[in-house]
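# Residue-level structure breakdown
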Amino acid sequence: MRTSVFVILAILSITACRNKRTSPGAAVIDKSAVRDIAGLWYATDETYALLAKKNYKQDTVFIELRPDSSFKVRLPDCLDAAAKGGMIWDAIGSWKLRQSGSAWKLLLAFEKGRLFRYRTYTDFDILMTDSVLTLARVVGNPDKEEILQFVRAH
């Protein structure tokens, strides 16, 4: 009995460590940390390396969150699990913060039109690493660390 309990605890520990490894930071739970989230967010070097590995052409990707809750983005189509054509989307829409459990997330609502037949939504985790806010979204296998990450321009 003790052996089986030990084995189960060991497996749970390994799984917890593996999931922890794939996260580029800790989820933001304090709303004051995201109060001034509006601004220009650029992809990190790790994101550009991931996109190159996925055969995307070298192109600037960004998220511009405007104070009036509108946004403009250039994002890779790998955000959509069904479309992985290596294209970069130019899109507009509205954004808001929402709470999921205790963590804050950024919700993007894309306008219908050229890219989307219907209003389409996606969200980004808002993470904190070494006092730096990061927007992150898993776009592939989280065990392979396929995560788009954005940091605010200074």
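Residues numbered from 1 in each chain as written. Predicted model: local features only at pLDDT ≥ 70, side-chain atom pairs only at ≥ 80, totals over all residues. Heavy atoms only, no water.

## Details of unusual backbone geometry
Residues other than glycine seldom take positive phi values, yet D130 does so here, at roughly 50°. Mapped onto the elements of the fold, D130 is located in the loop between β7 (120-129) and β8 (132-138). One non-glycine residue, S131, lies in the positive phi region at around 65°. Here S131 lies in the loop between β7 and β8. For S131, a relative accessible area of 71% puts it in the exposed group. (Helix = DSSP H or I, 4+ residues; strand = E, 2+ residues; numbered from the N terminus. Buried < 20%, exposed > 50% of the residue type's maximum accessible area, 1.4 Å probe, protein only.)

## Quick notes on the packing of aromatic side chains
Taken as a whole, this structure holds two aromatic pairs when the rule is applied. Between F71 and F110, the aromatic rings sit 5.3 Å apart at their centres with planes inclined by 85°, giving edge-to-face as the arrangement. Placement of the pair is F71 in strand β4 (residues 70-76) and F110 in strand β6 (residues 103-110), with a sequence separation of 39 residues. By relative accessible area, F71 is classed as buried at 1%. When its relative accessible area of 2% is taken as the criterion, F110 is described as buried. Ring geometry for F124 against F150: centres 5.9 Å apart, planes inclined by 80°, an arrangement best described as edge-to-face. Here F124, found in strand β7, pairs with F150, found in strand β9 (residues 147-152); they are 26 residues apart in sequence, far enough to count as distant. Of the two residues, F124 and F150, both sit in the buried class. (Phe/Tyr/Trp six-rings, centres within 6.5 Å; stacked < 30°, edge-to-face > 60°.)

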